Amino acid sequence: MKTRVGRFHFDPVLLSVSISLLLIGYVMVASASLHLGIKMTGSGLYYPVRQLMHIGLGLIFGGLVAAVPMKVWEQNGPGLFIAGLLLLVIVLIPGLGVKVNGSVRWLSVGGVRIQVSEVVKFFSVIYMAGYVTRYQESVQNAAFGLLKPLGLFSVASLLLLLEPDFGSAVIIIMIAMGVMFLAGARLSQFIVLLAGIGVLAILLVYFSPYRLIRVTSFMDPWADPLNSGFQLVQALISFGRGEWLGVGLGSGIQKLFYLPEAHTDFLFSVIAEELGLVGVVIVIGLFSLLVWRTFAIGVAAEQAGQRFSAFIAYGLGIWFGFQSFVNMGVNMGILPTKGLTLPLMSYGGGSMMIMCCALGLLFRIQSETAGINAGTASMRRSGTRKRYG
């Protein structure tokens with residue numbers, strides 16, 4: 001069943017999951033940032049109010065994205081990706097990029113910080129979907145069909161590493177390779193490319209002191225709990241304090257200047273402490289449902305003959321699933337620390353707005369697919385009436 005408003009079809013499951021993640025995320029951001037707002041600005045409502053603005057802008061931009069037909073996105077995919085590369089260059093120009101915690105990843109637009117890597121992820125999904133739609137035979141039968149887009153993505157990854165933003169570089173490569181694999185790339189070629197990328201990733205970690213420290217501290221955070229292992233140790237303490245039902249909303253103490261970036265990268269740890277295992281399972285369940293529904297929409301679009309829309313949905317599913325998995329994995333100590341937010345939940349203007357745009361694109365795909373299926377069903381009924389009427 002689909003809820004229809006005018007000519008736009010809304011998927012009730014996708015809508016419910018999206019609203020749930022936004023609401024839970026907002027409440028937890030408010031809980032995790034009240035004390036920080038008082039310290040930084042003198043107002044406990046500073047971060048909650050700004051996050052509400054981020055969500056509002058995100059919903060507006062998401063609505064605008066959903067209003068654009070998929071044909072327009074398909075025609076402009078290459079141009080959008082080139083624009084993303086230009087943004088990655090601009091953010092590295094001294095005086096233009098905003099530096100936070102040693103990384104230059106943001107551009108300030110109208111007082112709102114836009115994380116360029118999030119925009120590039122969005123454009124990457126659109127570009128890759130268009131590429132495999134146009135060159136599916138080449139992707140399936142020739143190694144060059146895989147290497148051509150990966151060359152462009154390598155340039156984007158290099159620019160991201162200069163910020164530095166290793167996590168986002170990994171995500172866009174995962175999006176590219178995941179979409180190509182679903183488009184029918186040969187498994188043998190795929191394995192070779194994956195192995196090559198794995199070796200490069202290991203070398204990047206080995207020859208970068210701060211990345212190597214992150215990996216070694218992840219393996220044994222208690223060896224240096226006050227320095228390199230501090231973030232992970234505090235996150236693990238949050239999970240331990242939460243137990244089954246948590247200490248209660250707003251009653252957590254790890255966020256009080258113990259847990260770094262509690263309202264952004266480590267929001268999941270605050271959820272674990274205040275809502276316990278129950279809250280953790282609910283959030284994981286919601287993200288699992290979001291990813292499942294995203295791929296289900298992709299399958300429906302492919303069955304309706306909308307290959308570009310299908311690959312967009314698959315790319316978004318890979319993005320949502322992989323980034324949320326990495327963020328949760330970092331918080332739970334099963335992955336090395338990376339500066340990746342929890343989609344639709346963590347504090348941040350750029351991330352929130354781009355994620356809402358991604359949802360808007362997904363709603364557009366679902367709506368067009370539902371419209372095609374409804375039209376096909378109507379034609380069949382009309383033909384049946386003419387035949388037997």
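Residues numbered from 1 in each chain as written. Predicted model: local features only at pLDDT ≥ 70, side-chain atom pairs only at ≥ 80, totals over all residues. Heavy atoms only, no water.

> What should I look at first to understand the packing of aromatic side chains in this one?
Aromatic rings considered in pairs are described by the distance between their centres and by the relative angle of their planes. Considering all chains together, one arrives at 14 aromatic pairs under this definition. Between the aromatic rings of Tyr47 and Tyr347, the centroid separation amounts to 5.2 Å while the plane-to-plane angle is 80°, which identifies the pairing as edge-to-face. Linking Tyr47 in helix 2 (residues 46-66) with Tyr347 in the loop between helix 12 (307-332) and helix 13 (349-388), this pair joins segments that are 300 residues apart in sequence. For Tyr47, a relative accessible area of 11% corresponds to the buried category. Pairing Phe311 with Tyr314 gives two aromatic rings, centres 5.9 Å apart and planes at 75°, and the pair type is edge-to-face. Remark: Tyr314 and Phe311 occur in helix 12; sequence separation between them is three residues, near one turn of the helix. With relative accessibility at 0%, the residue Phe311 sits in the buried group. Judged by its relative accessible area of 7%, Tyr314 falls in the buried class. Each member of the aromatic cluster is reached from another via a ring pair, and the members are Phe81, Tyr127, Tyr131, Tyr135 and Phe153. Between Lys148 and the ring centre of Tyr135, over which it is positioned, the NZ or CZ distance is 5.0 Å. (Phe/Tyr/Trp six-rings, centres within 6.5 Å; stacked < 30°, edge-to-face > 60°. Helix = DSSP H or I, 4+ residues; strand = E, 2+ residues; numbered from the N terminus. Buried < 20%, exposed > 50% of the residue type's maximum accessible area, 1.4 Å probe, protein only. Lys NZ or Arg CZ within 6 Å of the ring centre and 35° of its normal.)

> Could you clarify how one ought to interpret the packing of helix 11 (residues 267-303) against helix 12 in this entry?
Relative orientation and spacing of two packed helices are given, respectively, by the angle between their axes and the distance between those axes. The geometry of helix 11 relative to helix 12 is characterised by a closest axis approach of 8 Å and an angle of 165° between their N-to-C directions. Between helix 11 and helix 12, the crossing angle belongs to the class labelled roughly antiparallel. Seen from above, helix 11 lies across helix 12 with left-handed handedness. Looking at the contact of helix 11 with helix 12 residue by residue, the class counts come to 19 nonpolar, nine polar and two charged. (Axes fitted to C-alpha atoms, helices over the stretch in contact; angles between N-to-C directions. Parallel < 35°, antiparallel > 145°, perpendicular 65-115°, else oblique. Left-handed = near helix turned anticlockwise from the far one by under 90°. Nonpolar A, V, L, I, M, F, W, Y, C, P; charged D, E, K, R; others polar.)

> Any chance you could explain the pattern of salt bridges here in plain terms?
Two side chains of opposite charge can pair, provided their charged atoms sit close to one another. This model, assessed by the stated rule, comprises seven salt bridges. For Arg105, the salt bridge is made with Asp165, and the minimal N-O distance between the two is 4.0 Å. Taken as a pair, Arg105 in strand 4 (residues 103-109) and Asp165 in the loop between helix 6 (143-161) and helix 7 (166-182) lie far apart in primary sequence, 60 residues in all. Like Arg105, the residue Asp165 is buried in the burial classification. Residue Glu273 is joined to Arg241 by a salt bridge in which the shortest nitrogen-to-oxygen separation is 2.3 Å. Highlighted residues: Glu273 in helix 11 and Arg241 in helix 10 (residues 230-242), separated in sequence by 32 residues. The class for Glu273 is buried, based on a relative accessible area of 2%. (Salt bridge = Lys/Arg side-chain N within 4 Å of Asp/Glu carboxyl O.)

> I would appreciate a short explanation of the packing of helix 1 (residues 12-41) against helix 11 in the present structure.
Running from N to C, helix 1 and helix 11 point in directions that differ by 155°, and their axes come no closer than 10 Å. By the angle between their axes, helix 1 is roughly antiparallel relative to helix 11. The handedness of the crossing between helix 1 and helix 11 comes out as left-handed.

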